[in-house]
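A structural walkthrough
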Amino acid sequence: MSILRPASLAGLFILLALTACTREETTPEKPRPVRTLTVSPGGEGEEIVQTGDIQPRYETSLGFRIDGRLTARKVDVGAAVQPGQLIATLDDRDVRNELRAVEAELRSAQAAENLAKVALERQQALLSKNIVAQARVDEADANLSSAKARREAAEASLANARNKLAYTNLTADRAGVVTAIGANAGQVVSAGQMVATVASTDEKEAVFNVAETLVQEAPEHLSISVALVSDPAIKVSGTLREVSPSADPITRTYRVRISLPDAPEQMGLGATVTGRMRLEGGQGIRVPASAISNQSGEPAVYVVDRASASLLRKPVTVARYTDQEAVIASGLAAGDIVVTAGVSKLRPGQKIALDSEAGK
């Protein structure tokens, strides 16, 4: 019986370890179970839900037409105003002095006109008796015309002065709610400076920020059901009035305004609402949002290659996302088998086994 030396034992252990590693490396990887979905385009249509808020169609910044010192402001933010209601006043002492000066000029012009008229009549009477020459009559007639012109100018100045006095009172031009204040009593304001902003309550709109694809796919005559988030039972039907011609530079969304001619009183300005519309079928292929993976910063999905029972990663174009789904505009075809879960742990070429619950 031979005795193994320590060196021989060490060599034997190394040989056994190498043999075990070789066996492990040559053991094929077991197919990974995956859940899949066989996709098809179109369908029965899709309901699109967007969240927005109620805004006024008209929001007016009110300001004085003349410069002056603000003596009083009669409203605060949140105050309801009616047409003709006083918003603020300016110090009118200088304007009243101007008005009195113009009134005096008018009286002087009227007196001068009367005197010129009497002078013309006298010269005409003398001319009829051949006492004066025609030149004196012509001169008197010219003086009367000049006096009339000065009187008419004084009347126009008086009208302007009265208008200027009226401009010292700032009034609301329509019913609404004060949403902003731009000046306080004692402040010197310039002509056109915003003193108060009034949002009209006559016409309300629902405003949404939507993706470009929704703007492109929306039907021409769009009707949207708008409901309060706080009370979905309060809802009204609206029509598309305006779509922003350019996207927001940050969010890349388009502002859409929905006219609500019959909006209930509960839909106050600033209230949060949801808008619902239905797109007809054929608007792309819908897959669960969990099916979307990333390939070089672009969306992609894993598709099962039936011939090799392995995975292929396909880049796709996502038209939009809903709460639970992604609508694929291009990159998939009808009949493709898409992996719908666990995509972050998969890799292209990996062998798979279809889950028994796949497609459910």
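This write-up is about the structure you can find in this document.

Scoring rules and cut-offs
- Residues numbered from 1 in each chain as written.
- Predicted model: local features only at pLDDT ≥ 70, side-chain atom pairs only at ≥ 80, totals over all residues.
- Heavy atoms only, no water.
- Pairing = 2+ DSSP bridges.
- Helix = DSSP H or I, 4+ residues; strand = E, 2+ residues; numbered from the N terminus.
- Axes fitted to C-alpha atoms, helices over the stretch in contact; angles between N-to-C directions.
- Salt bridge = Lys/Arg side-chain N within 4 Å of Asp/Glu carboxyl O.
- Contact = heavy atoms within 4.5 Å.

**A word on the sheet that holds strand β21 (residues 317-321)**
Strands in a sheet are paired, the pairing made by backbone hydrogen bonds, and the direction either parallel or antiparallel. The 3 strands lie next to each other as β17-β22-β21, forming an open sheet whose pairing is antiparallel. The open sheet has two free edges, formed respectively by β17 (285-288) and β21, since each of these has just one partner strand. Taking the axes of each pair of neighbouring strands and ignoring which way they run, one obtains an average angle of 35° across the sheet. In this structure, β21 lies alongside strand β22 (residues 325-330), joined through 4 bridges in antiparallel fashion. Considered in β22, the bridge of tyrosine 321 is made with alanine 326.

**Concerning the pattern of salt bridges**
Once their charged atoms are close, side chains differing in charge can pair, the charge on each being opposite to the other. Inspection of the entire model under this criterion finds 14 salt bridges. With a closest N to O distance of 3.6 Å, arginine 69 and aspartate 91 form a salt bridge. In this pair, arginine 69 sits in strand β5 (residues 68-73) while aspartate 91 sits in the loop between β7 (86-90) and α2 (93-128), placing the two residues 22 residues apart along the sequence. The residue arginine 93 makes a salt bridge to aspartate 91 at a minimum N-O spacing of 2.8 Å.

**With respect to the environment of valine 343**
Topologically, valine 343 is positioned in the loop between β23 (337-339) and β24 (352-354). Along the sequence, valine 343 and serine 293 sit 50 residues apart, while their C-alpha atoms lie 6.3 Å from each other. If we ignore the near neighbours within four places in the chain, the residues touching valine 343 are Ser290, Ala291, Ile292, Ser293 and Tyr302.

**Observations regarding the sheet that holds strand β9 (residues 176-181)**
Spatially, β4-β11-β9-β6 is the arrangement adopted by the 4 strands of the open sheet, whose pairing is antiparallel. Both outer strands of the open sheet, β4 (59-62) and β6 (80-81), are each paired with one neighbouring strand and no more. Relative to strand β11 (residues 196-200), β4 runs antiparallel, the two sharing 4 bridges. Bridge assignment links threonine 60 to a residue of β11, and that residue is valine 198.

These figures capture arrangement, not role.
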